[in-house]
Protein chains: 2
Amino acid sequence: LEKLERHFEKELERLKETLLRLGSRAELSIEEALRALTQRDTDLARRVIENDEEIDQLELEVDQICTDLMALRQPLARDLRFIIMALKIAPELERIGDLAGNISERAIELAAEPQLKPLIDIPRMAGLAREMVRLSLDAFVRHDAEAARAVIKRDDQVDALMEQLFRELLSYMLDDPHAIGRGLRLMMVGKYLERIGDGATNICEMVVYLVEGRMIRHGGIHQSGEGRA
Amino acid sequence: LEKLERHFEKELERLKETLLRLGSRAELSIEEALRALTQRDTDLARRVIENDEEIDQLELEVDQICTDLMALRQPLARDLRFIIMALKIAPELERIGDLAGNISERAIELAAEPQLKPLIDIPRMAGLAREMVRLSLDAFVRHDAEAARAVIKRDDQVDALMEQLFRELLSYMLDDPHAIGRGLRLMMVGKYLERIGDGATNICEMVVYLVEGRMIRHGGIHQSGEGRA
């Protein structure tokens, strides 16, 4: 029995490590996608898209470890909650990886046309979004609901930058119809970053649930951020 | 022990029912959001947004039942996989509800301006997306991997309609700068519908996993559909 116990603890540790690895990979993808966009580096953009496979693989690994853990023995309430959260956090991170891939796709398209404008808000949004992802995982690992709440608050900054970006791009598009295609692509990049921020927010809401046993997501703290036009 | 067994079976049945209820609510929201958009009915749009609470509540209920089930006893491999899939399908459905809410937000904004054009592609996309959601849940309930694969194929039709919509709206925007704001909002609606199709696709990929024990998601069947501009 003691052996089973140790095996369980080891697997639980492996679950945490795999989730963190998944998180780091997703963070790195955001960083590289942004670099590809700002430096018009299509090779790098293509690498981000290819590397998404690795992220997908890590999500499957999380599912597998969770299944094993639950088959091993009946987990205690707290471990059970942790496992359930891991199962829900992994897809959020996988989706963040996908969004980095989407940014890279737009980067490739934009590199084929002249630059519309120097990018200012987008790198700032990306920095914020990336930090939110990192801090959300920190909060998860440390079971820190306070830290999680702080991350959730930051989402407002991402949303505010999106609003600003949106208005600026719209004015470019109104001034010059030739800018519409590029303006749209940059708006999409902004939207992807906004959704990365939403993903980090979702993770933090789960951390609060994990620690405090109550769900804040649906209490109205979180505004989806979708929808300016 | 037999009593525990029966209780477990009953809870498993309740899990299935709750998921289906969640799915029906999400489907209804898509339908109503579209009606609000096409009939410029802002009251209905607001109702869809308010009703999202109910969908959120159902997702929490799914989480709770899954937690209870796993605390009750060590589930068999097949039940375990079912529970894990339920935990992953519920957030997809909740997200679909959110997207219906986003469509409703755009519907309210669009109702304040003159109609840009008669809506043709958007209702067709919505019909397809809604059907994909319904069929994905059917496939889930019937453990039917074949049906799930058929739904995944339909996602191409949604993507093709999106492409068509995108090009048409772009030409409106190029012709008349006054159309840019409304064109953008309608593009967003198209994007939300595309993401609803993606959500149904995700559910179907999980059904295949549930039935066949292997994941097809990351084999390249699924293209995110994001990204025309």
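All of these numbers come straight from a predicted model, not from anything done at the bench.

**Some points on the side chain of Ser 29 of chain A**
Positionally, Ser 29 of chain A belongs in helix α1 (residues 2-38). The exposure class assigned to Ser 29 of chain A is buried, which follows from its relative accessible area of 2%.

**Concerning the confidence of the model for chain A**
Residue and element names in this part refer to chain A. Taken as a whole, chain A shows an average pLDDT of 90; of its residues, 93% reach a score of 70 or greater. Here helix α2 (residues 42-72) stands out as the element of chain A with the lowest mean pLDDT, 93, in contrast to helix α4 (residues 121-141), whose mean of 95 is the highest. The low-confidence segment residues 218-229, where pLDDT is below 50, has 45 contacts with residues more than four positions distant or belonging to other chains. In the model output, the complex is listed with pTM 0.89 alongside ipTM 0.85.

**Here we look at unusual backbone geometry**
Residues and elements named next belong to chain A. In the Ramachandran plot, Arg 40 falls in the positive-phi region, its phi being about 50° despite a non-glycine side chain. By the element assignment, Arg 40 lies in the loop between α1 and α2. With a phi angle near 50°, His 143 is a residue other than glycine that sits in the positive phi range. Along the chain, the position of His 143 falls in the loop between α4 and α5 (145-175). With relative accessibility at 21%, the residue His 143 sits in the partly exposed group.

**Here we look at α2 of chain A**
The end-to-end C-alpha separation of α2 of chain A is 46 Å, in line with the 45 Å expected for 31 residues at 1.5 Å each. The N-cap of α2 of chain A, judged by a side-chain oxygen 3.2 Å from the amide nitrogen of Asp 43 of chain A a few residues on, is Asp 41 of chain A.

**Overview of the relation of the copies chain A and chain B**
Mapping chain A onto chain B leaves a residual RMSD of 0.0 Å; the transformation is a rotation of 180° accompanied by 0.0 Å of translation along its axis. On this basis, the relationship between the two copies can be described by a two-fold rotation axis. Rotation axis and chain A: the residue whose C-alpha lies nearest the axis is Gln 74 of chain A, separated from it by 2.7 Å. A high fraction, 100%, of the interface residues of chain A reappear at the interface in chain B, so the copies pair face to face through one surface.

**Side note on the state of the cysteines**
In this structure the tally under the stated criterion is zero disulfides over all chains. Among the cysteines around Cys 204 of chain A, which has no disulfide bond, Cys 66 of chain A carries the closest sulfur, lying 19 Å off.

**Concerning the packing of helix α1 (residues 2-38) of chain B against helix α2 (residues 42-72) of chain B**
All names here are of chain B. Taken N-terminus to C-terminus, the directions of α1 and α2 make an angle of 165°; their axes are 9 Å apart at the nearest point. Relative to α2, the element α1 lies roughly antiparallel. In the packing of α1 onto α2, the handedness of the crossing is left-handed. Of the residues assigned to the contact of α1 with α2, the class counts are 19 nonpolar, four polar and 10 charged.

**Here's the deal with the environment of His 7 of chain A**
Residues and elements named next belong to chain A. Positionally, His 7 belongs in helix α1. Owing to a relative accessible area of 39%, His 7 belongs among the partly exposed residues under this scheme. Residues His 7 and Leu 72, 65 residues apart in the sequence, show an inter-C-alpha distance of 8.8 Å.

**Considering the interface of chain A and chain B**
Across the contact, 48 residues belong to chain A and 48 residues belong to chain B. Roughly 4100 Å² of surface becomes buried between chain A and chain B when both sides are summed, with 57% attributable to carbon and sulfur atoms. Taken together, the connections running from chain A to chain B amount to six salt bridges. Residue Glu 92 of chain B is joined to Arg 95 of chain A by a salt bridge in which the shortest nitrogen-to-oxygen separation is 3.0 Å. At the surface where chain A touches chain B, the tally comes to six residue pairs in polar contact (both at pLDDT 80 or more). Secondary-structure elements contributing two or more residues to the side of chain A that touches chain B are α2, α3 (77-111), α5 and α6 (180-212) of chain A. It is α3 of chain A that contributes the most residues to the side of chain A that touches chain B, 12 residues altogether. A breakdown of the residues in the side of chain A that touches chain B according to their chemical character gives 21 nonpolar, nine polar and 18 charged.

**Some words on the pattern of salt bridges**
Residues and elements named next belong to chain A. One pass over the structure, following the stated rule, counts 42 salt bridges over all chains. One salt bridge in this structure joins Arg 134 and Glu 131, with 3.5 Å as the shortest N-O distance. In this pair, Arg 134 and Glu 131 are both assigned in helix α4, three residues apart and thus about one turn of the helix distant. Classification of Arg 134 by relative accessible area gives partly exposed; the value is 34%. A relative accessible area of 29% places Glu 131 in the partly exposed class. Among the charged side chains, a network of salt bridges with common partners joins Glu 105, Arg 106, Glu 109, Glu 113, Arg 182 and Arg 185.

**Examining the side chain of Arg 95 of chain A**
Among the structural elements, Arg 95 of chain A can be located in helix α3. If near-sequence neighbours (up to four positions away) are discounted, Arg 95 of chain A is found in contact with Glu 92, Arg 95 and Asn 202 of chain B.

**What about the packing of aromatic side chains?**
Any aromatic ring pair is given by two values, namely how distant the centres are and how the planes are angled relative to each other. Residues and elements named next belong to chain A. Tallied over the full model, the rule gives two aromatic pairs over all chains. Residues Phe 82 and Phe 140 carry aromatic rings whose centres are separated by 5.1 Å and whose planes lie at 15° to one another, so their mutual orientation is stacked. With a gap of 58 residues between them, Phe 82 in helix α3 and Phe 140 in helix α4 connect regions that are remote in the sequence. Phe 140 matches Phe 82 in its accessibility class, with the two residues each being buried.

Rules behind the numbers
Residues numbered from 1 in each chain as written. Chains lettered and ligands numbered in written order. Predicted model: local features only at pLDDT ≥ 70, side-chain atom pairs only at ≥ 80, totals over all residues. Heavy atoms only, no water. Helix = DSSP H or I, 4+ residues; strand = E, 2+ residues; numbered from the N terminus. Buried < 20%, exposed > 50% of the residue type's maximum accessible area, 1.4 Å probe, protein only. pLDDT = per-residue confidence, 0-100. Contact = heavy atoms within 4.5 Å. Expected span 1.5 Å × (residues − 1). Polar contact = N/O pair within 3.5 Å; in protein donor to acceptor, adjacent residues only side chain to side chain. Least-squares fit on C-alpha atoms with pLDDT ≥ 70 in both. Disulfide = S-S within 2.5 Å. Axes fitted to C-alpha atoms, helices over the stretch in contact; angles between N-to-C directions. Parallel < 35°, antiparallel > 145°, perpendicular 65-115°, else oblique. Left-handed = near helix turned anticlockwise from the far one by under 90°. Nonpolar A, V, L, I, M, F, W, Y, C, P; charged D, E, K, R; others polar. Buried area = accessible area lost by both parts, 1.4 Å probe. Salt bridge = Lys/Arg side-chain N within 4 Å of Asp/Glu carboxyl O. Phe/Tyr/Trp six-rings, centres within 6.5 Å; stacked < 30°, edge-to-face > 60°.

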